[in-house]
Amino acid sequence: MLPPHTLSKGVIETIRKYTHAMARELKVIGLMNVQYAVKGEKVFVLEVNPRASRTVPFVSKAIGKPLAKLAAKVMAGKTFEGTGFTEEIWTKYWAVKESVFPFNKFVGQDILLSPEMRSTGEVMGLDADLAWLTRNRKWPRTHRCRSRENFISVSDAHKNEVATVAKLFSDLGFEIVATSGTSAVLEKAGLKVQRILKLLEGRPNVIDLLKNKEIQFVINTPSVPRRARTR
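Everything numeric here is computed off the predicted structure, so don't read it as measured data.

Undergrad: Which residues make up helix α6 (residues 159-171), and what values go with them?
TA: Relative to the 18 Å expected for 13 residues at 1.5 Å per residue, α6 spans 19 Å between its end C-alpha atoms, a close match to the ideal helical length. Among all positions in α6, only Lys 159, Val 162, Ala 163, Ala 166 and Phe 169 are buried. The arc enclosing the buried residues of α6, seen along the axis, measures out at 130°, which places them on a common side. Opposite the buried face of α6, at more than 90 degrees from it, the exposed residues are Asn 160, Thr 164, Leu 168 and Asp 171. Where α6 is buried, its residues meet β5 (150-154), β6 (176-178), α7 (180-188) and β8 (217-221). In the stretch just after α6, Gly 173 is the one whose phi turns positive, near 100°.

Undergrad: Requested: an account of unusual backbone geometry, with residues and values cited.
TA: Along the chain, Leu 2 connects to Pro 3 via a cis peptide bond; the corresponding omega equals -10°. Note on placement: Pro 3 falls in the segment before α1 (9-26). Cis geometry marks the peptide bond from Arg 203 to Pro 204, where omega comes out at 5°. With respect to the helices and strands, the residue Pro 204 is situated in the loop between β7 (193-195) and α8 (206-211). At Lys 27, a residue that is not glycine, the phi angle is positive and equals roughly 55°. With relative accessibility at 69%, the residue Lys 27 sits in the exposed group. The phi dihedral of Lys 213 is positive, around 60°, even though this residue is not glycine. Secondary-structure assignment places Lys 213 in the loop between α8 and β8.

Here is what the cut-offs are and how they apply
Residues numbered from 1 in each chain as written. Predicted model: local features only at pLDDT ≥ 70, side-chain atom pairs only at ≥ 80, totals over all residues. Heavy atoms only, no water. Helix = DSSP H or I, 4+ residues; strand = E, 2+ residues; numbered from the N terminus. Expected span 1.5 Å × (residues − 1). Buried < 20%, exposed > 50% of the residue type's maximum accessible area, 1.4 Å probe, protein only. Arc of directions from axis to C-beta. Contact = heavy atoms within 4.5 Å.

Here's what the structure looks like:
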């Protein structure tokens, strides 16, 4: 996302300082890709590579400068002054990049995310209002949907967070459907929940509701990878 909306000025300045120092030390001419991790005000360098990345086209479109072309000119001997690109550009609008995953194209592909690169493309959005980039999606209208709209079933690792997420959907007018363990947590938090059987407990279960198109959203964090969820 550009400009960064959650990083403090101090963190941004640290990132700038680290990046410039590494580029000079490595004597990089052209493009350099750095992976950072930020926790609080601490900045950690994960890796740095003297090459381009898939972020380059995104940044180029966001700031209106052909970075790959300019980098090639610099590598060929041209100066920054000669390219006309000597200062950072901070846009007055927001640019957001989203990964596109192929799970609906490749049958049987494990949908659990991991460090492995799985995205097959990216999509970009631009707007002067950051919130509009999110809310300008075609969410199902509650009056057009049948009941039992949002199914939630999370592993024990996410039980402490699930009530907050479920309340957001509940406040939007969606009914919550959950399995026993998740239901107990949501009910304790004061949310109204429709309990449903797990797949191995009998019927009707979530698969029946999905086939009947009675569920619009599924929030599921399985605890065991590669276990069939629809059988």
